[in-house]
Amino acid sequence: MEILRFAFMQRALFIGLIVGVLGATLGVFVVLKRLSFMGAGISHAAFGGIALGYFLGWDPILTAVIFCISVGIGISMLIENNRIKEDTAVGIFFTSTMALGILLIGLKEGYNIDLLGYLFGNILAVSREDLVISLAIGVIIAFSLYFFFKELVLSILDPEMARVIGLPVSFLHHLLVALFALFIVISVRIVGIILVSALLTIPAATALQWSKNLRKVLVLSSIDSLGCVLGGLALSYYLDTSPGATIVILATVVFFTTFLLPLPLKKK
Amino acid sequence: MEEPIIEVKNVSFCYPPLEVLEDVSLTVKKGEFLAIIGPNGGGKTTLLKIILGLLKPQKGEVYIAGKRVEELGKWRSKIGYVPQTAQIDYTFPITVEEFVMTGRFGLIGLGRKPQAHDWEMVRKALREVKMEEWNKKQIGELSGGQRQKILIARSLALEPEILILDEPTTAVDPESSESFYELLLRLHEQGITIITVSHDVGVVAQYADSIACLNRRLIKHDRPEEVIREGVLEEMYGREAAFFHHGTIPHIVVRETPPER
Ligand SMILES: Nc1ncnc2c1ncn2[C@@H]1O[C@H](COP(=O)(O)OP(=O)(O)OP(=O)(O)O)[C@@H](O)[C@H]1O
Ligand SMILES: [Mg+2]
């Protein structure tokens, strides 16, 4: 495999492995909790966070994570007690944080080219350090999902009953948003913040068409996602296309193929 | 049967500007079987949610087993609840038996998986509502009455000390409904505290130790018979209340009366 000769590609594939499996698993919760749009909003907010980091001279990624979690909490606060509808709240934060990003970049002298890398991914930039960070964050996400699995399931399935038996429902909600924000960190090099939410939506949505058993859905989603991330990376190398975009298009093709298949083939 | 297990003290609740509960006090003893009746909009569901700590009253306190309901902690996992309208996502990829298992999640604890004993309790609960053959179905594939039955099973699966039921037999066929009340009676004999909301006064009067009438204010009758006899119902539901008797079970039809302000 000629593709494996390059160290950057080896590193990208390794991160792709983590991104594929964790995105698929986290994505099943995101889709079931109907957070896809919220997820898209939060990942776009990462742009504002990165710009803010640049502006203040802080670590852009770290700033973005904290920024995204704050945006998630901000959205939750707006929609509390049904005062504002969720899609409206997401719509407001989605655009205002991107506007903030554009504003801050304009204020900072000299346009920084790295920004494009954050927006659309840049696998050439995957460093050894990224590898370690991705692994660490991957462990945090995997452990959280494993540890709170039952609780997340019930808080999504029946939030009222979750409160009756004493589960910390709003903590679990914020946990999911925080994991989402952390996921942006590990996938930003591969797909970029514009397309991150696709990894959390499309494989899960595909798998949910194949099975009504949660465990099978998780497995299928992971297989699909892994195939699309690794396959997309390889394809992009040979076709000389954008890795992020190739991965997302590949996942979309699988989704629509599944969608168009006759029902009896998919059931169970 | 002596010590109080649920104490509602001077609770008032309003959805501004509507006053739903006005200075409601209620004591339920350990092992008591209490039925709450009252017209639509009388505040029954609201009262149950306050007892469960899902709604916070503007005035008053609720104590369960001597603790304020906000500070119940682990004790919560001993309370079974069947809501009137469950906010359940029926498209969720989960089977009937896994759904019933969610009732035990509070008992099982963080980071742990259900054990053989947990599954045994789930199967037992499903048998009680005669749904054991449906255990592998996805919850969205059930009929309305079957959905109600698995909600009941979920509340039983956790081996409750307190059962709080909000019109548990609506949508359930008469035969299943009767066997459900027989089941409640057996649980009652085992010493479980039961609060149930029902519109079927005649049925409930046969089983309950006491009946509380709730229409903004609450009046508790420790002898169920007196509720049916002494014009209590007419007073609560208004004069338009009409009674129909077929067989031995009186049914009540209530016409809408605008809430008092
Ligand atoms: N979320 C809400 N917002 C505003 N008002 C509400 C809300 N929920 C209930 N109410 C009002 O509170 C009153 C009591 O409602 P509740 O559900 O407790 O009645 P109920 O006795 O359970 O009636 P039913 O027999 O129809 O179930 C009703 O007048 C209702 O309109
Ligand atoms: Mg009600």
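Procedures and definitions
- Residues numbered from 1 in each chain as written.
- Chains lettered and ligands numbered in written order.
- Predicted model: local features only at pLDDT ≥ 70, side-chain atom pairs only at ≥ 80, totals over all residues.
- Heavy atoms only, no water.
- Helix = DSSP H or I, 4+ residues; strand = E, 2+ residues; numbered from the N terminus.
- Buried < 20%, exposed > 50% of the residue type's maximum accessible area, 1.4 Å probe, protein only.
- Contact = heavy atoms within 4.5 Å.
- Near = heavy atom within 4 Å.
- Polar contact = N/O pair within 3.5 Å; in protein donor to acceptor, adjacent residues only side chain to side chain.
- Nonpolar A, V, L, I, M, F, W, Y, C, P; charged D, E, K, R; others polar.
- 1 Å grid on protein atoms, 1.4 Å probe; cavity = no way out; pocket = protein on both sides within 12 Å on 5 of 7 lines; lining within 4 Å.
- Points joined across faces, edges and corners; volume = space filled by probe spheres on them.
- Axes fitted to C-alpha atoms, helices over the stretch in contact; angles between N-to-C directions.
- Parallel < 35°, antiparallel > 145°, perpendicular 65-115°, else oblique.
- Patch = residues over 30% accessible without salt bridge, like charges linked within 9 Å, V, L, I, M, F, W, Y side chains within 5 Å.
- Areas by Shrake-Rupley, 256 points an atom, 1.4 Å probe, with all protein chains shown as cover.
- Salt bridge = Lys/Arg side-chain N within 4 Å of Asp/Glu carboxyl O.
- Phe/Tyr/Trp six-rings, centres within 6.5 Å; stacked < 30°, edge-to-face > 60°.
- Lys NZ or Arg CZ within 6 Å of the ring centre and 35° of its normal.
- Pairing = 2+ DSSP bridges.
- Buried area = accessible area lost by both parts, 1.4 Å probe.
- Donors = N, O, S within 2.8 Å, 3.2 Å for Na, K, Ca; no water.

(A) Region of interest: the overall build of chain A. Check the secondary structure of chain A and you find 13 helices and zero strands. N-terminal to C-terminal, the α/β element order of chain A is α-α-α-α-α-α-α-α-α-α-α-α-α. Projecting the C-alpha coordinates of chain A onto the three principal axes gives extents of approximately 55 × 45 × 30 Å. Burial statistics for chain A: of 268 residues in total, 53% are counted as buried. Sequence-distant contacts in chain A: of pairs separated by 6 or more residues, those separated by 24 or more amount to 75%.

(B) Representation of the site of ligand 1 within the structure. Residues and elements named next belong to chain B. Neighbouring ligand 1 are 14 residues, the closest being G41, K44, T45, T46 and Q84. A distance of 3.2 Å is found between an oxygen atom of ligand 1 and a backbone nitrogen or oxygen belonging to G42. For the shell around ligand 1, the elements supplying multiple residues, two or more each, are strand 2 (18-29) and helix 1 (44-51). A per-element tally of the shell around ligand 1 places helix 1 first, with three residues. Among the residues making up the shell around ligand 1, the classes are represented as four nonpolar, eight polar and two charged.

(C) Focus on the layout of surface pockets. The space that makes up the largest pocket amounts to roughly 1500 Å³. Lining the largest pocket are 46 residues, and of these P159, E160, R163 and V169 of chain A together with Q87 of chain B lie nearest its centre. Each residue belonging to the lining of the largest pocket can be placed in one class, and the counts come to 19 nonpolar, 13 polar and 14 charged.

(D) Layout of the packing of helix 6 (residues 128-147) of chain A against helix 7 (residues 149-157) of chain A. Residues and elements named next belong to chain A. For the pair helix 6 and helix 7, the least separation of the axes is 4 Å and the interaxial angle reads 70 degrees. Accordingly, the angle class assigned to the pair helix 6 and helix 7 is roughly perpendicular. Along its contact with helix 6, which presents L145, Y146 and F147, the element helix 7 presents F149, E151 and L152. A breakdown of the residues in the contact of helix 6 with helix 7 according to their chemical character gives five nonpolar, no polar and one charged.

(E) The arrangement of a nonpolar patch on the surface in detail. Judged by side-chain polarity, F55, L56, W58 and L107 of chain A come together as a nonpolar surface patch covering roughly 420 Å² of accessible area. In this fold, F55 of chain A is placed in helix 2 (residues 36-56).

(F) Up close: the packing of aromatic side chains. The final tally for this structure, using the stated rule, is 15 aromatic pairs over all chains. When the centroid spacing of 5.7 Å and the interplanar angle of 40 degrees are considered together, the rings of F6 of chain A and F8 of chain A count as tilted. Their ring planes at 55 degrees and their centres at 6.1 Å tell us that F6 of chain A and Y237 of chain A sit as a pair that is tilted. Taken as a pair, F6 of chain A in the segment before helix 1 (7-32) and Y237 of chain A in helix 11 (residues 214-239) lie far apart in primary sequence, 231 residues in all. Look at Y237 of chain A and you get partly exposed, because its relative accessible area is 22%. An aromatic cluster of at least three residues, connected via ring pairs, comprises F6, F8, Y237 and Y238 of chain A. K150 of chain A extends its terminal NZ or CZ atom over the ring of F105 of chain B, reaching a point 5.7 Å from the ring centre. Positioned above the aromatic ring of Y63 of chain B, the side-chain terminus of K9 of chain B is 4.7 Å from the ring centre.

(G) Molecular detail of the sheet that holds strand 1 (residues 4-15) of chain B. Residue and element names in this part refer to chain B. The sheet built from four strands is open, its strands ordered 2-1-4-5 with antiparallel pairing. Each edge of the sheet is formed by a strand with only one pairing partner; in this case those strands are strand 2 and strand 5 (67-68). Where strand 1 and strand 2 come together, eight bridges link them in antiparallel fashion. Its bridge partner being in strand 2, I6 is matched across the sheet by V28. Across the sheet, helix 1 lies against strand 1, strand 2 and strand 4 (59-64), angled at about 125 degrees from strand 1, the strand it touches most.

(H) Region of interest: the interface of chain A and chain B. Facing the 26 residues of chain A at the interface are 33 residues of chain B. Of the roughly 2700 Å² buried between chain A and chain B, counting both surfaces, carbon and sulfur atoms make up 62%. When the area that chain A buries against chain B is broken down by residue, the three leading residues are K150, L157 and E160 of chain A, summing to 28%. At the surface where chain A touches chain B, the tally comes to four salt bridges. With a closest N to O distance of 3.3 Å, D89 of chain B and R34 of chain A form a salt bridge. Run the count over chain A and chain B and you get 11 residue pairs in polar contact (both at pLDDT 80 or more).

(I) Spatial organisation of the coordination of the magnesium ion (ligand 2). Residue and element names in this part refer to chain B. Of the protein atoms, only T45 (OG1) and Q84 (OE1) coordinate the magnesium ion (ligand 2), at distances of 1.9 to 2.1 Å. Of the two residues, T45 sits in helix 1 while Q84 sits in the loop between strand 6 (79-82) and helix 2 (96-101), which places them 39 residues apart along the sequence. A relative accessible area of 23% places T45 in the partly exposed class. Here Q84 falls in the partly exposed class, since its relative accessible area comes to 34%.

(J) Here's a closer look at the pairing of strand 6 of chain B. Residues and elements named next belong to chain B. Residues I79 and Y81 of strand 6 are buried on one face, and the alternating residues G80 and V82, pointing to the opposite face, are buried as well. Summarising the sheet, strand 6 and strand 7 (residues 162-166) pair through four bridges and their orientation is parallel. When the sheet's bridge partners are listed, Y81 is paired in strand 7 with I164.

(K) Looking closely at the environment of S155 of chain A. Residue and element names in this part refer to chain A. With respect to the helices and strands, S155 occurs in helix 7. Under the relative-accessibility criterion, S155 is labelled buried at 6%. Considered as a pair, S155 and F8 are 147 residues apart in the sequence and their alpha carbons are 40 Å apart. Not counting residues up to four positions away in its chain, the partners in contact with S155 are A162, V169 and L172. At a separation of 3.1 Å, a polar atom in the side chain of S155 contacts the main-chain carbonyl oxygen of L152.

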